[in-house]
Amino acid sequence: MSAPAVAERPDLRLAAPALGSWLVALVTLGTSVRVAAVVAACCAAMCGAALVAGRRLPSRARHTVPATFACAAAVAACVASHLMTLASGPLPALAARAGDARVELVVSGDPAVGDESGPVWDRGRTVTVPATLRVLTVPRGTYRGRQPVVLFSRARGWSSLTPGQRVSASVSAARPRDRGEIAATLFARAPPRLLGRPPFVQRVAAGLRAGLRDSVARLPADERGLVPGLVVGDTSRLSDELKEEFKQTGLTHLLAVSGANIAIASGAILAVGRRARLPPRALATVGAVGIVGFVVLARPEPSVLRAAVMGGIAMLALGTGRRHRGLPALFAAVLLLVCLSPSLARSYGFALSVLATLGLLVLAPPWRDRLVARGCPRRLAEALAVPAAAQVMCGPVIVLLAAQVNVLGVLANLLAAPAVPPVTILGVLATAVHPLFPPAARLLGWCAWLPTWWLVHVARYVAALPGASVGWPGGVAGAVALAGLTVVAFLALPHRRVRRVVAVAVTGFVVASGALRVVSPTWPPSGWRLLACDVGQGDAMLLEVAAHTAVVVDTGPDAALMEACLDRVGVRRVPLLLITHMHADHASGVPAVFVGRKVDAVATGALEVPADQWRRVTATAAAAGIRVTQPTAGAVWRIGALTLRVLWPPAGYTDPTVFADDASPDGSAPNNASLVVRASWPGLSMLLTGDVEPPVQERILDSGADLRADVLKVPHHGSARQEPRFLAATGARVAVICVGADNDYGHPAPPTLRALAADGMRVLRTDQDGDVAILETAQGRLAFATRANADVSGRAPP
């Protein structure tokens, strides 16, 4: 058996200029034009000084140091120009005072429905449109420019726009959250007015993307959404649940078009060119045109741009007869892209793409060769080394994004690897064939079902394994800690004794974890949909959206108890925090929700009393950059498979004097202003009632609202103030009472318990049962489990 070839020494000559320039852009983007200009001047001066002192520098640094400072100066100058563009014209002043204007925009990317930055309460879903401002009309005149903006709207017509389409609209402007990336955030209340048609190339690209969606339209829902995501990065039809499972198992990179997709597309074009015996320059030209076309088709996302520039450099090497090297091409791509679009320096997608590629080029080859040298088959060694290298390099950035480490990412990627090329090739063929012969494209789409089905189930089952991902401190500190631990591992693991100690420790940890999970049932149980937290005398509910993601309804009286419940369940993202009303037993735990978790939106009941509690909630939200909203009856949120519909209070219920008969000496005005919300998933529903009392319960009954639900959160901790008709109208099979043990209020009241039993409901109480979870069984039946004794579970009455 011959020895494996020694991996070539990596060419890192452009590493310092590229990474230094990236760092300069990252730092200066958050500053001002003046600061960026000063940094550019300083770097230029340092470059000159390095050139003057050239012979005094070590031989390896004579070219690297001046090049690094020269590139940093160029990037800082580009950042200054970019910041000057953002600050020009009347738009920044208009945004500062939240003014209105008439604008003309050119759409620069695909509109996103239900943007991941967080749902906003409304009767429909919010559409996010990236665009370039071309004309701004204000009372003082008309301004023309090219400023990047982001527009939000709930009106019709925005979601169907195509990149390149020019539109006009009346908008309100606001300051952007992140300085240095866009000039302003715009809000449109009306549909757009189209000005002409999109460019021909964009119309063709939109037609091809639509053709791919049509080719797989007859596949099951998950597979139907996954194929366009793998082929052209179109995740518009991918469920939030599957996205979260891909994220948890380290497979998200498959949904970001990058080098593999461009390699397949350009490789096919080059194969045809070689068959036609094109000369090298013509072949390189055809390949470059194909890469540009694929960028238009897949949209110029950060990972696509990085792969396209590297592909363009490869075509240049092909046309000039020079050898193509991966690392110089990667660093050259970073330099070029950061200069042309400085805001990419802040893009997580760009960072993940660059770091993953760096891992594949630097770490994967020696790891693969070491495995081969120890007798591992070469293909298996490569299948192990590639995802491991990418995961090691991307780990700190993933911690910044999700505060977790994907423990089983290598396993998931190893299982998924054989299925990715067939799906990509079949998808590309279906995209190309559909305009010519749609039935053949649909046949190709059907052929993609089996490998796509495999990918869906790999993500689903690996995500369900114990320890698929583990929590890690988020933020910069957590990322630095993980990076430091990785460096220590690199330095220590080459020593045989250290490897043995680590192997024994890891094996012991895995065995102990498995034994604990067998002996002690996990909490919450798999398949949970609703969970009532035991937070004492108060309400706190979690509504499952995806793995580690839940809507939070009320937070109880104690932040520590609330945080403990969220940690037990493993909630790391909260798309919506809903506070039914401002009493302390529902709102005092709000700060806990923001500790180590990403909160996207906050909504509360209509009354801003007690005033001190209202101020605390709004201040906590404002510190996270969130504006608190106050929805009324008719408002709807759609978050993944979960739909939330507000039934109470009606519009105009903003003052305790409204509906004066609802007020009483015992302070029930805030209670009766509680949000009443119906939450539903396919096959399961729950009525969340806050603390509403009989006067409002009767009004909701009289309104004709649909109160039917499988699960009822009993109003006001099961107090005696209940309208029996309201309880019976829900038809619920399970009643959940959030209540503290030995409370001074006599909750829950015996008459209420008797009424619930008479209506055939199984009553679950947090004072006796601890946390209460409602789940669906494999047969679609309703079941429950309690944490007071994790072995206590059962089925709801039929």
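Please read these numbers as outputs of a predicted model, since none were measured by experiment. Sequence positions are assigned chain by chain, starting from 1 and proceeding in written order. Local features are withheld for residues below a pLDDT of 70 in this predicted model, meaning they are given only at 70 or higher, and side-chain atom pairs are given and counted only at 80 or more; totals for whole chains, interfaces and linings count all residues. With hydrogens and water stripped out, all remaining heavy atoms of the structure feed into the side-chain values.

## Points about the overall build of the protein
What counts is decided by this rule: Secondary structure follows DSSP: runs of H or I at least 4 residues long count as helices, runs of E at least 2 residues long count as strands, and numbering of each begins at the N terminus. The cut-offs for exposure are 20% and 50% of the maximum accessible area for each residue type, with area from a 1.4 Å probe on protein chains only; residues under the lower value are buried, those over the upper are exposed, and the others partly exposed. Should any heavy atoms of two residues lie within 4.5 Å, those residues are considered in contact. In this description, accessible areas are obtained by the Shrake-Rupley approach with a 1.4 Å probe, and a residue is regarded as covered only by the protein chains that are shown.
Within the protein one finds 29 helices and 26 strands. Evaluated residue by residue, the protein yields a buried proportion of 48% over its 798 residues. Long-range contacts, defined here as pairs at least 24 residues apart, represent 69% of the contacts in the protein between residues at least 6 apart. Put simply, the protein shows about 36,700 Å² of open surface, and 62% of that area lies on carbon and sulfur atoms.

## Thoughts on the sheet that holds strand E17 (residues 636-639)
Put simply, the rule is: Each pair of strands is called paired provided DSSP finds at least two bridges between the two strands. Helix axes use the C-alpha atoms of the stretch in contact, all axes being lines fitted to C-alpha atoms, and the angles between their N-to-C directions lie in the range 0 to 180 degrees.
Pairing within the open sheet is mixed, and its 7 strands lie in the order E17-E18-E19-E20-E21-E22-E23. Looking at which strands have only one partner, the edges of the open sheet turn out to be E17 and strand E23 (762-765). Ignoring which end each strand starts from, the neighbouring axes of this sheet average 20° apart. Note that strand E22 (residues 734-737) and E23 share 4 bridges and pair parallel. Along E23, the bridge assignment pairs Val-736 with Leu-764.

## With respect to the confidence of the model for the protein
What counts, and what does not: Scored from 0 to 100, pLDDT reflects the predictor's confidence in each residue.
Summary statistics for the protein give a mean pLDDT of 83 and a share of 88% for residues scoring 70 or more. Here residues 1-7 is modelled with pLDDT under 50, and outside its nearest four sequence neighbours on either side it reaches 9 contacts, counting other chains as well. A low-confidence stretch, residues 115-124 (pLDDT under 50), is modelled with 36 contacts involving residues beyond four sequence positions or located in other chains.

## Topic: the state of the cysteines
Keep this limit in mind: Count a disulfide wherever a pair of cysteine sulfur atoms falls within 2.5 Å.
Within the structure shown, the criterion is met by 1 disulfide. Note that Cys-533 is cross-linked by a disulfide to Cys-565, the S-S spacing being 2.0 Å. The sign of the S-S torsion, about -70°, decides the handedness of the disulfide formed by Cys-533 and Cys-565: left-handed. Note that Cys-533 is positioned in the loop between strand E10 (528-532) and strand E11 (541-546) and Cys-565 in helix H21 (residues 559-569), a separation of 32 residues in sequence. Note on Cys-43: no disulfide assigned, nearest cysteine sulfur contributed by Cys-42 at a separation of 7.0 Å. Not part of a disulfide, Cys-339 finds its nearest cysteine sulfur in Cys-78, a span of 4.3 Å. Using a relative accessible area of 24% as the deciding quantity, one classes Cys-339 as partly exposed.

## Let's talk about the pattern of salt bridges
Operational definition: One side-chain nitrogen of Lys or Arg within 4 Å of one carboxyl oxygen of Asp or Glu is enough to make a salt bridge.
Under the defined criterion, the tally for this structure stands at 21 salt bridges. Among the ionic pairs, Asp-369 bridges to Arg-368, the shortest N-O distance being 3.1 Å. When its relative accessible area of 10% is taken as the criterion, Asp-369 is described as buried. For the salt bridge of Arg-616 with Asp-612, the shortest nitrogen-to-oxygen distance reads 3.7 Å.

## Some thoughts on unusual backbone geometry
In this structure, the amide linkage connecting Trp-648 to the following residue, Pro-649, adopts the cis form with an omega of 5°. Mapped onto the secondary structure, Pro-649 falls in the loop between strand E18 (642-648) and helix H25 (668-672). In this chain, His-747 is followed by Pro-748 through a cis amide linkage whose omega measures -5°.

## Topic: helix H1 (residues 15-28)
In an α-helix there are 3.6 residues to a turn, and that puts residues three or four apart on one side. Selection criterion: Expected helix span is computed as 1.5 Å times (number of residues minus one).
Under the 1.5 Å per step criterion, the end-to-end length of H1 is 20 Å for 14 residues, consistent within 8% with the ideal 20 Å. Here H1 has its buried residues at Ala-15, Pro-17, Ala-18, Ser-21, Trp-22, Val-24, Ala-25 and Thr-28. Looking at the buried positions of H1, the neighbouring elements they touch are helix H2 (33-52), helix H3 (61-87), helix H11 (326-340) and helix H12 (348-362).

## Structural notes on the side chain of Ser-674
Filter applied, for reference: Residues adjacent in sequence count toward polar contacts only when both atoms are side-chain atoms; beyond that, a polar contact is any pair of N or O atoms within 3.5 Å, and within protein one must be able to donate a hydrogen and the other to accept it.
For Ser-674, the position within the fold is in the loop between H25 and strand E19 (676-681). A relative accessible area of 0% places Ser-674 in the buried class. At a separation of 2.6 Å, a polar atom in the side chain of Ser-674 contacts the main-chain carbonyl oxygen of Asn-671. Once residues within four sequence positions are removed from consideration, Ser-674 is found in contact with Thr-580, His-581, Trp-648, Pro-649, Thr-689, Gly-690, Asp-691 and Val-692.

## Things to note about a nonpolar patch on the surface
Just so we agree on the cut-off: Patches were defined on residues exceeding 30% relative accessible area and lacking a salt bridge, with like-charge contacts within 9 Å and nonpolar side-chain contacts (Val, Leu, Ile, Met, Phe, Trp, Tyr) within 5 Å.
Taken together, Leu-411, Leu-415, Trp-446, Trp-449, Leu-450, Trp-453, Trp-454 and Leu-465 make up a surface patch of nonpolar side chains, about 720 Å² in accessible area. Every element with two or more residues in the nonpolar patch is listed here: helix H15 (409-416) and helix H18 (449-464). Tracing the chain through its elements places Trp-454 in helix H18. The class for Trp-454 is partly exposed, based on a relative accessible area of 37%.

## Observations regarding the packing of helix H8 (residues 259-275) against helix H9 (residues 280-298)
In plain terms, the rule: Throughout, a crossing is termed right-handed when the near helix is turned clockwise from the far one, and left-handed when it is turned anticlockwise from it by less than a right angle. Following the grouping adopted for this structure description, the nonpolar residues are Ala, Val, Leu, Ile, Met, Phe, Trp, Tyr, Cys and Pro, the charged ones are Asp, Glu, Lys and Arg, and the polar ones are all others, Gly among them.
Relative orientation of the contacting elements H8 and H9 amounts to 145°, with a least axis distance of 9 Å. Remark: the crossing between H8 and H9 carries right-handed chirality. Contact residues: H8 offers Asn-261, Ile-262, Ala-265, Ser-266, Ile-269, Leu-270, Gly-273 and Arg-274, while H9 offers Leu-283, Val-286, Gly-287, Gly-290, Ile-291 and Phe-294. Partitioning the contact of H8 with H9 into residue classes produces 8 nonpolar, 5 polar and 1 charged.

## Concerning the packing of helix H17 (residues 438-447) against H18
What counts, and what does not: For classification purposes, an angle smaller than 35 degrees is called roughly parallel, one larger than 145 roughly antiparallel, one from 65 to 115 roughly perpendicular, and anything else oblique.
Look at H17 against H18: their axes get within 5 Å of each other, and the N-to-C directions meet at 40°. Of the possible angle classes, the one that applies to H17 and H18 is oblique. When H17 is examined against H18, the residues Gly-445, Trp-446 and Cys-447 are found in contact with a partner set consisting of Trp-449, Leu-450 and Pro-451. Taken together, the residues of the contact of H17 with H18 sort by class into 5 nonpolar, 1 polar and no charged.

## Some thoughts on the nonpolar core
Across soluble globular proteins, nonpolar side chains show a tendency to be buried alongside one another. Quick reminder of the rule: Residues belong to a common nonpolar core when they are buried Ala, Val, Leu, Ile, Met, Phe, Trp, Tyr or Cys residues joined through side-chain atoms within 4.5 Å.
Core analysis: the largest hydrophobic core is formed by 55 residues, its most contacted members being Leu-91, Leu-105, Leu-136, Leu-151, Trp-158, Leu-186 and Phe-350. Sort the elements by how many residues they give to this core and H11 lands first, with 9 residues. Those residues within four positions of Leu-186 in sequence are excluded, and the remaining contacts are Leu-91, Leu-105, Val-149, Val-150, Leu-151, Phe-152, Val-171, Ser-172 and Ala-173. By size, the runner-up hydrophobic cluster in this structure holds 46 residues, among which are Val-231, Ala-284, Phe-294 and Val-462.

## Observations regarding the packing of aromatic side chains
What counts, and what does not: When two rings of Phe, Tyr or Trp (its six-membered ring) have centres within 6.5 Å they constitute a pair, described as stacked for plane angles under 30 degrees, edge-to-face for angles over 60, and tilted for the intermediate range.
Within this structure, the stated rule accounts for 3 aromatic pairs. Considering the side-chain rings of Trp-22 and Phe-350, the 5.3 Å spacing of their centres and the 70° angle between planes classify their relative orientation as edge-to-face. In this pair, Trp-22 sits in helix H1 while Phe-350 sits in helix H12, placing the two residues 328 residues apart along the sequence. The residues Trp-22 and Phe-350 share a single accessibility class, namely buried. Judged by centre distance (5.8 Å) and plane angle (25°), the ring pair of Phe-152 and Phe-187 falls under stacked. With Phe-152 in strand E4 (residues 141-153) and Phe-187 in strand E6 (residues 184-188), this pair connects stretches of sequence that are 35 residues apart.

## Some words on the pairing of E22
This is how it is decided: Note on handedness: a clockwise path from strand one over the helix to strand two, with the strands aimed away from the viewer, defines a right-handed crossover.
Neither face of E22 is exposed, since Val-734 and Val-736 on one face and Ala-735 and Ile-737 on the opposite face are all buried. Remark: the strand E21 (residues 711-713)/helix H27 (residues 724-729)/E22 crossover connection has right-handed handedness. Crossover E22 to E23 through helix H28 (residues 750-758) is right-handed.

## Details of H18
We apply this condition: To be clear, the arc concerns the directions from the helix axis to the C-beta atoms.
The end-to-end C-alpha separation of H18 is 22 Å, in line with the 22 Å expected for 16 residues at 1.5 Å each. Taken together, the buried positions of H18 are occupied by Pro-451, Thr-452, Leu-455, Val-456, Val-458, Ala-459, Val-462 and Ala-463. Along H18, the residues classed as buried sweep out an arc of 155° about the axis, all on the same side. Exposed and oriented more than 90 degrees from the buried face of H18 are Tyr-461 and Ala-464. The inward-facing, buried residues of H18 contact helix H6 (221-232), helix H7 (240-248), H15, helix H16 (420-433) and H17.

## Description of the pairing of strand E24 (residues 772-776)
Across the 5 residues of E24, 4 count as buried, placing the element largely inside the fold. Where E10 and E24 come together, 4 bridges link them in antiparallel fashion. If you follow Leu-531 over to E24, its bridge partner there is Ala-773. Sheet analysis places E24 next to strand E25 (residues 782-786), joined by 5 bridges and oriented antiparallel. Across the sheet, the residue bridging to Ile-774 is Phe-784, located in E25.

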